[in-house]
Amino acid sequence: MRKQIAAVAVAALLVFAGCSAGGNGGTTTAPETASGDTVYDSPLDGETVADTHVSVVRDAGTFTLVSTSNQTQGNQSLSRQSTTAVDLDSGAYFSTQQFRGQTAEQYGFGNGTAYQRVSLGNQTQYTVPQQSPNTSQLAGAQLESFVGAFALSHAGTETVDGTETHVYEAEGVEDLNQSAPGFGSLDTENVTSLEAHVYVTDDGLVTQFGYSISLTSAGTEVSIATEQEYVDVGSTTVSEPAWLDEARANVSA
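A few points on the structure.

## Overview of the pattern of salt bridges
In the structure shown here, the tally under the stated rule is 2 salt bridges. Salt-bridge contacts for R117 lead to E105; the nearest nitrogen and oxygen are separated by 3.2 Å. Here R117 is found in strand β5 (residues 114–120), whereas its partner E105 is found in strand β4 (residues 102–108), with 12 residues between them in sequence. R117 gets classed as partly exposed once you look at its relative accessible area, which sits at 22%. With a closest N to O distance of 3.1 Å, D245 and R248 form a salt bridge. Placement of the pair is D245 and R248 together in helix α5 (residues 244–250), with a separation of 3 residues, close to one helical turn.

Structural data, given as structure tokens:
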């Protein structure tokens, strides 16, 4: 069972690690549609989706990436939430992550300097992070590997926050690319449910994407659900946190 859980967990991390891989070799075309038509042919091609999305985000200049991950194993559960505001022009970012009661805030300048504030209960610690987010990859490079893991087909449209978005979905192990990173060791016979989705606007902006998977092993139910959303595209402001001076006084970047 540990092997299966590890395989699924690695796949879940793909959504949040900002990594990229090859597309699925589909026949996707770039967005050239009127409202109500499909944005892309099915199945989605990861490279085309990622390239178009990144182009839209780069033109906008700023965005906020909201990520959530939930994992359950029997009666145990684990969740992680993070929000990262990014200014691509300056390279500045501000991220907040909550995990197991701990809150980690990180502010980075465009020159590579960054500070981190970690809070747990009444304890606060300031550090210089060993690794900073890659803002260029956060803009959407991880979409290529995500889309390449599933056979995603157009399933209709849905209005989200006043904007019409096209919904692409995959369902069941038959829509899973088992050669995709993180899924190679997964025993599909034990998978009880699998669903993935991508929401994309007419101009190619991916507003949200994620997947959920459940499996049984040795009588234990294991479930993982992940979701990423691009919000406030073009209207995000990245400001220095109030604790930055205190961080500077306690550590040296």
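## Overview of the nonpolar core
Grouped together as the largest cluster of nonpolar side chains are 41 residues, with contacts concentrated most on F63, F150, L152, F183 and V198. Where this core is concerned, the elements lending two or more residues are α2 (46–60), β1 (62–73), α4 (142–148), β8 (163–171), β9 (191–200), β10 (206–217) and β11 (220–231). In this structure, A85, Y115, Y126 and L244 belong to the second largest nonpolar core, which totals 11 residues.

## Focus: the sheet that holds β4
Pairing is antiparallel in the open sheet, where 11 strands are placed in the order β6-β5-β4-β3-β2-β1-β11-β10-β9-β8-β7. Each having just a single partner strand, β6 (123–127) and β7 (153–160) make up the two edges of the open sheet. Within this sheet the neighbouring strands show an average axis-to-axis angle of 15°, counted without direction. Where strand β3 (residues 93–99) and β4 come together, 7 bridges link them in antiparallel fashion. Residue pairing across strands places Y93 opposite G108, the latter belonging to β4. The strands touched by α2 within the sheet are β1, β10 and β11, with β1 carrying the most contacts at an inclination of about 130°.

## Some remarks on the side chain of Q106
If you trace the backbone, Q106 turns up in strand β4. At a separation of 2.6 Å, a polar atom in the side chain of Q106 contacts the side chain of Y93. One polar contact links Q106 to Q116, side chain to side chain, over a distance of 2.9 Å. Not counting the four nearest positions on each side in its chain, Q106 is found in contact with Y93, F94, S95, Y115, Q116, P129, Q131, S132, P133 and W243.

## Quick word on a negative patch on the surface
Together, E158, E169, E171 and E174 make up a negatively charged patch on the protein surface. The topology assignment puts E169 in strand β8. With relative accessibility at 36%, the residue E169 sits in the partly exposed group.

## As for the pairing of β7
As paired elements, β7 and β8 share 7 bridges and run antiparallel to each other. By the bridge assignment, E158 is partnered in β8 with T165. Counting the residues in the hairpin turn of β7 and β8 gives 2 residues, including D161, whose phi is positive at 55°.

## Details of the side chain of E227
Within the secondary structure, E227 sits in strand β11. For the buried E227, no salt bridge exists, and the shortest N-O distance to an oppositely charged side chain is 15 Å, to R80. Within polar-contact distance, the side chain of E227 engages the side chain of H197 at 3.0 Å. Engagement of the side chain of E227 in a polar contact is seen with the side chain of Q208, the distance being 3.3 Å.

## Here's the deal with unusual backbone geometry
In this structure, the amide linkage connecting S42 to the following residue, P43, adopts the cis form with an omega of -5°. Topologically, P43 is positioned in the loop between α1 (2–17) and α2. The backbone phi angle of D161 is positive, close to 55°, even though this residue is not glycine. Looking at the element boundaries, D161 is found in the loop between β7 and β8. Residue D161 is classed as exposed on the basis of its relative accessible area of 79%. Residue D232 is not a glycine yet carries a positive backbone phi of 50°. Secondary-structure assignment places D232 in the loop between β11 and α5.

What counts and what doesn't
Residues numbered from 1 in each chain as written. Predicted model: local features only at pLDDT ≥ 70, side-chain atom pairs only at ≥ 80, totals over all residues. Heavy atoms only, no water. Salt bridge = Lys/Arg side-chain N within 4 Å of Asp/Glu carboxyl O. Helix = DSSP H or I, 4+ residues; strand = E, 2+ residues; numbered from the N terminus. Buried < 20%, exposed > 50% of the residue type's maximum accessible area, 1.4 Å probe, protein only. Core = buried A, V, L, I, M, F, W, Y, C linked by side-chain atoms within 4.5 Å. Pairing = 2+ DSSP bridges. Axes fitted to C-alpha atoms, helices over the stretch in contact; angles between N-to-C directions. Contact = heavy atoms within 4.5 Å. Polar contact = N/O pair within 3.5 Å; in protein donor to acceptor, adjacent residues only side chain to side chain. Patch = residues over 30% accessible without salt bridge, like charges linked within 9 Å, V, L, I, M, F, W, Y side chains within 5 Å. Areas by Shrake-Rupley, 256 points an atom, 1.4 Å probe, with all protein chains shown as cover. Lys, Arg positive; Asp, Glu negative; His and termini not counted. Charge placed at Lys NZ, Arg CZ, Asp CG, Glu CD.

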